[in-house]
Amino acid sequence: MKNKDKFSILRVITLFLMAAMLFQACDTEIPDVDTEPPTFRFQIQGDGFDQTFDQDTDFDSFQLNLREDARYNITFSGADLGGVKHIQWQYATDYVEFETSIPSPWTIRSSGLSTSINWYGNRSNPQTGMILTASIRPNGENISHAFNFMVKDFGGASAMENTLFKSLNIYSGNHNTEIIRF
């Protein structure tokens, strides 16, 4: 690889990290009325695969096949211009292993069959969102499960929260990482 290419890649990574830090620390004001639902992004990279999913993805039309024991880097974020109250990623405990620790202020809670990673906003100091980056390994041969995503905003001064739920169908096994359309 040429030095020029290395510097271009390094520049892109640096810009992404700077944007991520800015996004994480962006304070906002809760509006009087908030009728817009929050947004989210989930990017997964590894095993020759790179895909980003968001609130506009038609999750009912495909499943994501992940290779058992392959390492994947993920970036998960939730956002709302009027402030985010709660961001959550829930998955089947036995079928996902984290290779990296979950950084504060994110928390992790396991309740037997499922585990959730959560971030909670503060109405007194609202933020537009938060980003989680980590590395995971799928466990389980020929196992169907799901990644469930939820983002909830404060709902404005009236506290009529807007909530976004999405579910990504996962199939883990000894196969290529790919999207299979229904």
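Cut-offs applied
Residues numbered from 1 in each chain as written. Predicted model: local features only at pLDDT ≥ 70, side-chain atom pairs only at ≥ 80, totals over all residues. Heavy atoms only, no water. Helix = DSSP H or I, 4+ residues; strand = E, 2+ residues; numbered from the N terminus. Buried < 20%, exposed > 50% of the residue type's maximum accessible area, 1.4 Å probe, protein only. Contact = heavy atoms within 4.5 Å. Areas by Shrake-Rupley, 256 points an atom, 1.4 Å probe, with all protein chains shown as cover. Core = buried A, V, L, I, M, F, W, Y, C linked by side-chain atoms within 4.5 Å. Pairing = 2+ DSSP bridges. Axes fitted to C-alpha atoms, helices over the stretch in contact; angles between N-to-C directions. Salt bridge = Lys/Arg side-chain N within 4 Å of Asp/Glu carboxyl O. Polar contact = N/O pair within 3.5 Å; in protein donor to acceptor, adjacent residues only side chain to side chain.

## Concerning the overall build of the protein
Here comes step 1: If you tally the helices and strands in the protein, you get one helix and 12 strands.
Here comes step 2: Listing the helices and strands of the protein from first to last along the sequence gives α-β-β-β-β-β-β-β-β-β-β-β-β.
Here comes step 3: By residue count, 43% of the 182 residues in the protein fall in the buried class.
Here comes step 4: Contacts in the protein between residues at least 24 apart in sequence constitute 77% of all its contacts with a sequence separation of at least 6.
Here comes step 5: Here the protein has roughly 10000 Å² of accessible surface; of this, 51% comes from carbon and sulfur atoms.

## What about the nonpolar core?
Side chains of nonpolar character tend, in soluble globular proteins, to be buried together.
Here comes step 1: Membership of the largest hydrophobic core comes to 33 residues, with the highest contact counts inside it found for Phe-42, Ile-44, Trp-89, Phe-98, Trp-106, Phe-147 and Leu-168.
Here comes step 2: Setting aside chain neighbours within four positions, we find Phe-42 in contact with Gln-51, Thr-52, Phe-53, Ile-74, Thr-75, Phe-76, Trp-89, Phe-147, Phe-149 and Leu-168.

## Some words on the sheet that holds strand S9 (residues 129–138)
Here comes step 1: A sheet is described by the order of its strands in space; here five strands give the open sequence S2-S1-S4-S9-S6, paired in antiparallel fashion. Unpaired on one side and paired on the other, strand S2 (49–54) and strand S6 (96–98) mark the two borders of the sheet. With direction set aside, neighbouring strand axes in the sheet form an average angle of 25°.
Here comes step 2: In this sheet, S2 lies alongside strand S1 (residues 39–46) in antiparallel orientation, the contact comprising six bridges. Pairing of Arg-41 across the sheet is with Asp-54, part of S2.

## Overview of the pattern of salt bridges
Here comes step 1: What the rule picks out here adds up to five salt bridges.
Here comes step 2: One salt bridge connects Glu-161 with Lys-85, and the closest N-O pair in it is separated by 2.3 Å. Of this pair, Glu-161 sits in the loop between strand S10 (143–153) and strand S11 (163–173) while Lys-85 sits in strand S5 (residues 84–92), placing them 76 residues apart in sequence.
Here comes step 3: Note on Lys-85: relative accessible area 32%, which makes it partly exposed.
Here comes step 4: Between Arg-137 and Glu-99 there is a salt bridge, and its shortest N-O distance comes to 2.4 Å. You can see Arg-137 sitting in strand S9 and its partner Glu-99 sitting in the loop between S6 and strand S7 (107–111), a full 38 residues away along the chain.

## Thoughts on the side chain of Gln-88
Here comes step 1: Secondary-structure assignment places Gln-88 in strand S5.
Here comes step 2: Only 2.8 Å separates the side chain of Gln-88 from the side chain of Asn-118, close enough to count as a polar contact.
Here comes step 3: When near neighbours in sequence (up to four residues on either side) are disregarded, Gln-88 contacts Phe-76, Ser-116, Ile-117, Asn-118, Asn-148, Phe-149 and Met-150.

## Brief notes about the environment of Gln-127
Here comes step 1: With respect to the secondary-structure elements, Gln-127 resides in the loop between strand S8 (114–120) and S9.
Here comes step 2: For the pair Gln-127 and Glu-29, spaced 98 residues apart in the sequence, the C-alpha separation amounts to 8.0 Å.

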